[in-house]
Amino acid sequence: MAVVMSSCQSSARIIPSISLSFCLYKHNPFYYRPFCSGNSALDKDVETVYRIVSSSSSFEDLKQSLNLTRVFLCNDLIDMVLKRIRFSHGNPLQALVFFNFTARRSGFYHTPFSLDTMLYILGRNRKFDQIWEVLIEMKRKDQSLISTRTVQVVLARIAKVCSVRQTVESFKRFEKLVPEFDINCFNALLRSLCQEKSMKDARNVYHSLKHKFRPNLQTFNILLSGWKSTEEAEGFFEEMRELGVKPDLVSYNCLIDVYCKSMEIKTALELLEKMREQDISPDVISYTSIIGGFGLVGQPDKARDVLKEMKEYGCYPDVAAYNATIRNFCIAKRLGDAYSLLDEMVRRGLNPNATTYNVFFRSLYWSSDLKSSWSLYQRMKQTGCLPNTQSCMFLIRLFKRQEKVDMALELWNDMVNKGFGSYILVSDVLFDLLCDTGKLMEAEKCFLQMVEKGQKPSNVSFRRIKVLMELANKVEALQNLSEKMAAFGSSTPLPQSEDGPKDRSSSHLHLC
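Bringing helix H23 (residues 423-436) into the picture now. A rise of 1.5 Å per residue sets the reference length of H23, with its 14 residues, at 20 Å; its end C-alpha atoms lie 19 Å apart and thus fit the reference within 8%. A large share of H23 lies buried, amounting to ten of its 14 residues. All of the buried residues in H23 are Tyr 423, Ile 424, Val 426, Ser 427, Val 429, Leu 430, Phe 431, Leu 433, Leu 434 and Cys 435. On its buried face, H23 is in contact with helix H1 (40-55), helix H21 (389-401), helix H22 (405-418), helix H24 (440-452) and helix H25 (459-471). Gly 438, located one to two residues past H23, shows a positive phi value of around 75 degrees.

Attention now goes to unusual backbone geometry. Residue Arg 70 is not a glycine yet carries a positive backbone phi of 55 degrees. On the basis of relative accessible area, Arg 70 is assigned to the exposed category, the value being 55%. The backbone phi angle of Ser 368 is positive, close to 55 degrees, even though this residue is not glycine. By secondary structure assignment, the location of Ser 368 is in the loop between helix H19 (354-366) and helix H20 (370-382).

The next point concerns the pattern of salt bridges. Tallying each qualifying case throughout the model produces 20 salt bridges. The salt bridge involving Lys 261 is made with Asp 257; its shortest N-O contact spans 3.1 Å. Here Lys 261 and its partner Asp 257 are both found in helix H13 (residues 249-261), four residues apart, which amounts to about one turn of the helix. Given the relative accessible area of 57%, Lys 261 is considered exposed. Between Asp 436 and Arg 464 there is a salt bridge, with the nearest N and O atoms lying 3.0 Å from each other.

All right, on to the confidence of the model for the chain then. Confidence in the prediction of the chain, expressed as mean pLDDT, is 87, and 88% of residues score 70 or more. Low pLDDT, under 50, characterises residues 1-36; the predicted model gives this stretch 98 contacts beyond four residues in sequence or across chains. In this model, residues 491-512 is a region of pLDDT below 50 whose contacts with residues beyond four sequence positions or in other chains number 46 contacts.

Attention now moves to the packing of helix H4 (residues 92-103) against helix H6 (residues 128-142). Relative to each other, H4 and H6 sit at 10 degrees, their axes nearing to 12 Å. In terms of orientation, H4 and H6 fall into the roughly parallel class. Contacts between H4 and H6 involve Leu 93, Leu 96, Phe 99 and Ala 103 from the first element and Gln 130, Val 134, Met 138 and Lys 141 from the second. When grouped by side-chain class, the residues that make up the contact of H4 with H6 number six nonpolar, one polar and one charged.

Calculation criteria
- Residues numbered from 1 in each chain as written.
- Predicted model: local features only at pLDDT ≥ 70, side-chain atom pairs only at ≥ 80, totals over all residues.
- Heavy atoms only, no water.
- Helix = DSSP H or I, 4+ residues; strand = E, 2+ residues; numbered from the N terminus.
- Expected span 1.5 Å × (residues − 1).
- Buried < 20%, exposed > 50% of the residue type's maximum accessible area, 1.4 Å probe, protein only.
- Contact = heavy atoms within 4.5 Å.
- Salt bridge = Lys/Arg side-chain N within 4 Å of Asp/Glu carboxyl O.
- pLDDT = per-residue confidence, 0-100.
- Axes fitted to C-alpha atoms, helices over the stretch in contact; angles between N-to-C directions.
- Parallel < 35°, antiparallel > 145°, perpendicular 65-115°, else oblique.
- Nonpolar A, V, L, I, M, F, W, Y, C, P; charged D, E, K, R; others polar.

Structure representation (structure tokens):
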């Protein structure tokens, strides 16, 4: 085979009785991986393989294309390609073909990061049958790769679109898949229910299954983090003590968060003092909750004071703490103070992230401040911070509202070239803008760019472009686009943005 597995300068995973030059490095699945590795040769290979995966129509097509490139398929490269597909909302079935292609090599083992990323991609697109197929095959080949993190990834995606009963049934299927079906797996189930369902659902499941597991501190902390009622949270906190589980910093932070979200700032501050009396030092998460609480009661200046006061206790604000403070001023429509905090972050060596910028984009979108939004986007690019889907949606909707085609196309080209944001979600708005302004050539170009990335434009967008092409008598161009759409086959569910609506329609329940 011309496709080669190489070490890519990574540590090798030792496999008994096999002597190969495969890169078999097993990464921590929680490790943060940027799109750029710092290795220009590897980054170039990642881009090459990503484009091949996005444009391949079959296993054989992928195999042949990779053979021609002679790219070294190491674990680092595979991890980065799958992450690229995840964050660009790539085609899940094309990603699966790539995942299976690399997994079939004799002696090659995926990393936990690759497995969990692949399962996330499938789950986001509701390909639940394929999820179980991957897990069964992984158990056969290397069960150790199926971790508690894997359980969490799968159950979170299932809980997002399926019923509580189906989520619990899926959880029970893991008993035959994971190396050890223990309290950590149970905690993963509870965390998924807290995030995607309701606290009532999580509490009911906890009481129905707790006799099969021995609840630990993490169990209670997960359940505490989901409460919205201070009375219920306090009651559960007391139950925790009665069972002999001593609260820790995380437990207190959960309770502080409940008080702050209920706008009981005084009680939260009293609990902060109680923690100090018990020699439990509040951390940056504790103070960030307090900052958010002051914002909810309309006191952004007091929130900013917390940034100063926490330093006196040896706790220094991080990006999340600054984001919460900036959000308070944006809500209060005091953007001058918000920008001052943004500059202060940079002076203190903190790098604003997409969430930081999104707080501004949201305010600027609602005030229709195009000039400031555009300047902020340019600043974002200059600092090397990649926008996420939410950033792109605030910008593209503002561009459409004010019919700024050039700005919209620059954003789109940045997405295509750098691989950020959801092509599907952004393209719907972009095609509306281009069709409304009669930019048919530009719409056709963007359509083809999207197809080249392995992304199917929505049927609504295609119909709009089709109507304009028919009016302009562009027969050949329309035929080309029609063939591109037909190549995708039947419709697949559109991926939702991270902050998008949760579709729990019954039509998807059988997938679980």
